[in-house]
Amino acid sequence: MDSKKLAKEIRKDVLLMTSNAGAGHIGSILSITDIVAVLYGKIMNIFPKDPKNPKRDRFILSKGHAGACVYACLAELGFFDKAELENYYSPNGTKLSGHVTHKGNAGVEFSTGSLGHGVSVAVGMALAGKMDKAPYRVFALAGNGECNEGSIWEAVAFASHNKLDNFTLIVDHNKIQSMGDSDKILDMGTYAEKFASFGAYVMEVDGHNHAELATALKTRKRGQPAVVIAHTVKGKGVSFMENNNLYHSACVKGDDLKKALKEIEKQ
Ligand SMILES: Cc1ncc(C[n+]2csc(CCOP(=O)(O)OP(=O)(O)O)c2C)c(N)n1
């Protein structure tokens, strides 16, 4: 599926899923929707009808609170029945928990939610791929606030030391985290310089521009892991949610839902 069309369908799905559940992190989800759509729509080698195919590229969403985005993407691509999305975050014994889980969900590689863990697991998978001389690539997506966690930096240092050029970390840099503006909470300065000093090949892109994302995500530098700093807007696509941290962990219903869906439909 075309990545722009995929992103549009995901945005509609996640608005409905979170609304239906009365919960979810809609701002955080909309922030990464274009990244996930480009990865699955243009970059990754995927097998929706054979999700464990050993040749598949691996993706780990390290900011697991935005898991609805991955579920919607996988359903749109036929990994599982789209009707399942209605059970997202439901207390009815659903497989689709609020924070992303691999248990019972075809296509999800690893459960996350406690920030700072997914990147290390992804690096381990990349090391295994190298040891096996396997063709697959491994992608991890972390939030900029999540990069406050020291484990992110340990993982990148390890990936550089082991020359894991089959590994790409994407940082969803929306400059906001749950409690407010990131530069007021813990100012990390320039991520690009910091990741480069840890040995990564760093690229910076507009995280909503599919062409820029695709170029960066295709790029591999021999002997070096890649880091893509994707500059994003939290709540992207819905005017009243954009850069509005009230929607970090919220959902919309009624007229607000209708307005949001209408805006997405027009894009
Ligand atoms: C280890 C850990 N500490 C705290 C939290 C609670 N928490 C959930 S989301 C979030 C903010 C994450 O910010 P960022 O990575 O920038 O993501 P985004 O703003 O896109 O949601 C926090 C602190 C958590 N899930 N895990």
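The preceding data block contains the structure.
Below you will find a few notes about this structure.

Calculation rules
Residues numbered from 1 in each chain as written. Predicted model: local features only at pLDDT ≥ 70, side-chain atom pairs only at ≥ 80, totals over all residues. Heavy atoms only, no water. Helix = DSSP H or I, 4+ residues; strand = E, 2+ residues; numbered from the N terminus. Buried < 20%, exposed > 50% of the residue type's maximum accessible area, 1.4 Å probe, protein only. Contact = heavy atoms within 4.5 Å. Salt bridge = Lys/Arg side-chain N within 4 Å of Asp/Glu carboxyl O.

**Digging into the side chain of H25**
Here's step 1: With respect to the helices and strands, the residue H25 is situated in the loop between α1 (3-21) and α2 (26-43).
Here's step 2: On the accessibility criterion, H25 (13% relative accessible area) is buried.
Here's step 3: The residues touching H25, leaving out its near neighbours within four places in the chain, are H65, H99, Y247, H248, S249 and A250.

**Digging into the pattern of salt bridges**
Here's step 1: In total, this model carries 13 salt bridges according to the counting rule given.
Here's step 2: For K8, the salt bridge identified is with E265, shortest N-O distance 3.9 Å. Of this pair, K8 sits in helix α1 while E265 sits in helix α9 (residues 254-266); the two residues are 257 residues apart in sequence, bridging distant segments of the chain.
Here's step 3: Classification of K8 by relative accessible area gives partly exposed; the value is 21%.
Here's step 4: Note that D181 and K184 form a salt bridge whose closest N and O atoms lie 3.8 Å from each other.
Here's step 5: Where salt bridges share partners, they join K5, K8, E9, K12 and E265 into one cluster.

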